[in-house]
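Commentary on secondary and tertiary structure
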Amino acid sequence: MQTIDYRPHVPVVRECDVLVIGGGPAGIGAAVGAAKTGARTVLVERYGFLGGNATASLVGPFMTSFSADGKTQLIRGVFDELVRRMEATGGAVHPSKVPAAVAKSAYMKHGHTGVTPFDPEAMKLASAELCLEHGVELLLHTSFIDPIVDAGAVRGAILHNKGGLQAILAGSSVDCSADADVAARAGVPFKQGRASDGLTQPMTMFFRVGNVDRAGVDAYFRAHPEEIEQRMAFSSCIRAAQANGDYTIPRERLSLYESPQEGVWRVNVSRILGVDGTKVEDLTRAEVEGRRQVMEIFRFLRGYVPGFAECTLIDTAAQVGVRETRRIDGEYTLTLEDLISGRDFEDTIAYCAYPIDIHDPKGAGGGISNKGETANAYQIPYRCLVPLGVEQLLVAGRCVSATHEALGAIRVMPPSFAMGEAAGTASALALQEGVPPRQVPIPWLRQTLAEHGAYLGPNV
Ligand SMILES: Cc1cc2nc3c(=O)[nH]c(=O)nc-3n(C[C@H](O)[C@H](O)[C@H](O)COP(=O)(O)OP(=O)(O)OC[C@H]3O[C@@H](n4cnc5c(N)ncnc54)[C@H](O)[C@@H]3O)c2cc1C
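Residues numbered from 1 in each chain as written. Predicted model: local features only at pLDDT ≥ 70, side-chain atom pairs only at ≥ 80, totals over all residues. Heavy atoms only, no water.

Notes on the overall build of the protein
Of regular secondary structure, the protein possesses 12 helices and 17 strands. For the protein, whose C-alpha radius of gyration is 21 Å, the value lies close to the compact-globule estimate of 23 Å for 460 residues. For the protein, the C-alpha atoms occupy an extent of roughly 65 × 60 × 45 Å along the three principal directions. Excluding contacts between residues fewer than 6 apart, the proportion of contacts in the protein whose partners are at least 24 apart in sequence is 72%. Accessible surface for the protein amounts to roughly 17,400 Å². Of this, 51% is attributable to carbon and sulfur atoms. Distance between charge centroids for the protein: 3 Å, based on 44 positive and 52 negative side chains. (Helix = DSSP H or I, 4+ residues; strand = E, 2+ residues; numbered from the N terminus. Rg over C-alpha atoms; globule rule 2.2 N^0.38 Å. Contact = heavy atoms within 4.5 Å. Areas by Shrake-Rupley, 256 points an atom, 1.4 Å probe, with all protein chains shown as cover. Lys, Arg positive; Asp, Glu negative; His and termini not counted. Charge placed at Lys NZ, Arg CZ, Asp CG, Glu CD.)

Brief notes about the site of the ligand
Neighbouring the ligand are 34 residues, the closest being Glu45, Arg46, Pro61, Phe144 and Arg411. The contact in question runs from an oxygen atom of the ligand to an N or O atom on the backbone of Met63, over 2.9 Å. Within the backbone of Phe144, an N or O atom sits 2.8 Å from a nitrogen atom of the ligand. Burial of the ligand by the surrounding chains reaches 96%, relative to a free accessible area of 1,000 Å². For the shell around the ligand, the secondary structure elements donating two or more residues are helix 1 (25-36), strand 4 (143-150) and helix 11 (413-433). A class-by-class count of the residues in the shell around the ligand yields 15 nonpolar, 13 polar and six charged. (Near = heavy atom within 4 Å. Polar contact = N/O pair within 3.5 Å; in protein donor to acceptor, adjacent residues only side chain to side chain. Nonpolar A, V, L, I, M, F, W, Y, C, P; charged D, E, K, R; others polar.)

Observations concerning the environment of Pro355
Turning to its location among the elements, Pro355 is positioned in the loop between strand 13 (348-352) and strand 14 (357-359). The sequence separation of Pro355 and Ile340 amounts to 15 residues, and the corresponding C-alpha distance is 9.3 Å.

Section: the domain arrangement of the protein
Domain boundaries in the protein define domain 1 (12-103 + 113-197 + 326-358 + 374-451) and domain 2 (207-316). On the domain 2 side, the residues contacting the 17 residues of domain 1 number 15 residues. Carbon and sulfur atoms make up 56% of the surface buried where domain 1 meets domain 2, a total of about 1,300 Å² over both sides. Between the two partners, domain 1 and domain 2, sit one salt bridge. The residue Arg208 makes a salt bridge to Asp119 at a minimum N-O spacing of 3.9 Å. A breakdown of the residues in the side of domain 1 that touches domain 2 according to their chemical character gives 11 nonpolar, four polar and two charged. (Domains from an automatic or database assignment. Buried area = accessible area lost by both parts, 1.4 Å probe. Salt bridge = Lys/Arg side-chain N within 4 Å of Asp/Glu carboxyl O.)

Structural notes on the nonpolar core
Grouped together as the largest cluster of nonpolar side chains are 147 residues, with contacts concentrated most on Phe62, Phe234, Leu256, Leu301, Phe308, Leu334 and Ile349. Looking at this core element by element, the count peaks at 10 residues for helix 11. Counting residues domain by domain, this core receives three or more from each of domain 1 (12-103 + 113-197 + 326-358 + 374-451) and domain 2 (207-316). Discounting residues that sit within four places of it in the chain, Phe234 has contacts with Tyr107, Val217, Tyr220, Phe221, Glu227, Leu254, Leu256 and Val305. (Core = buried A, V, L, I, M, F, W, Y, C linked by side-chain atoms within 4.5 Å. Buried < 20%, exposed > 50% of the residue type's maximum accessible area, 1.4 Å probe, protein only.)

Thoughts on the sheet that holds strand 11 (residues 312-316)
Read across the sheet, four strands follow the order 9-10-8-11 without closing on themselves; strand pairing throughout is antiparallel. Among the strands making up the open sheet, the edge pair consists of strand 9 (255-258) and strand 11. Between one strand axis and the next, the sheet turns through 25° on average, direction left out of account. Sheet analysis places strand 8 (residues 207-210) next to strand 11, joined by four bridges and oriented antiparallel. Bridge pairing in strand 11 places Gly210 opposite Thr312. Helix-sheet contacts for helix 8 (residues 280-304) involve strand 8, strand 9, strand 10 (265-268) and strand 11, and the interaxial angle to strand 11 is about 160°. (Pairing = 2+ DSSP bridges. Axes fitted to C-alpha atoms, helices over the stretch in contact; angles between N-to-C directions.)

Below, the structure is given as structure tokens:
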């Protein structure tokens, strides 16, 4: 490939203790966690608002933050603080009030007790206010370009915004870009896709519709209870449309979620296969194909799905939803077996219970728990956030160290908040202790997380 030599002098515009790259669920958790622990914290986000998939990609609800038996809220801390803030303005319903198998849980039973419906507009404001109130400095409209690496340690980042290229120096950084952009460019080894062929989960273009008649949808499920039991919601609608050539989407089950606003539903149905979220050509193709599918699905909803006959299209997501890209190689790689057995770790920083949810990279199938039942509550160890080979860097959210199968469960938003909070807190504590984040004293980290409201097991 032809290359050019380009070496600008970049002004150093800020210095901070903890630099967080990416303002999605993991980044919000990391920034608030670091700031609460006393670190001067800067959060960098390429868009003009925080939230990541929760806002830019219209993804929701927040999947379950409860144990599989629905008895214990496992994910609390920054996540719960944010949800309660949104709930106070009518922008969310607390997960303790959302049972399985109702409109707000997409008429799904398994893994769907205690989801959190929320309004993406409420999320944009509440997450920014939460960060600012905890003392986080926000840099929106700013893209991460490259890490500043010295002697194997990340010392800050080169960024780009309307002011041109700029540098920030930081004691420690947390990669919450979802794609491990910082880690990969710093030289951390990573994997992508499933072990057999490297393919990743498909992408989905979310959209929202208004004017849905919930009574009509409820009546449909009273007539078709077997679709709830068989995890095949709305499958008879799909079959009817397929018979007429009116449904060509490669997806055999609809996920339609009622939002907190009356008549407004999120549509998680489109499926874009064979695309790689680290390639801009694929992302470009996915945006166009996603919006083409949205129009087909919208016509199908009006024509075939009870309760949706008069629905209106509100919006499509600003960015296609990417389920999976790079996963770093960390000090520990979480496995499917760990999730099934509920394995205990000494350095656990989060408990979760969302099941394995892998959408078929090649076709219409896949989805919840197609790989075995996970434990009532399983654990994520701190070492999954600690990358191999590079210091002063932690990773949180969708790109942590896990197998393709394990990531299929922990990739959802509540665990991402919890992993982020742990990474931000650990970064701040390590700086206070004068050690690399890799060596942060684990009992101190766990005690601080618990003091800040995280759930770390029945005896903590
Ligand atoms: C189609 C789909 C459906 C899903 N359904 C659900 C669901 O119903 N419930 C649920 O809980 N989870 C769901 N998920 C999973 C969940 O949305 C993500 O895995 C989760 O958002 C991961 O959080 P994150 O913070 O790691 O990444 P993200 O939410 O992707 O946030 C990453 C942030 O980093 C920013 N960023 C990236 N690169 C740069 C850069 N170079 N410079 C500056 N900023 C950058 C992005 O703009 C973004 O704000 C779904 C995901 C998809 C794609």
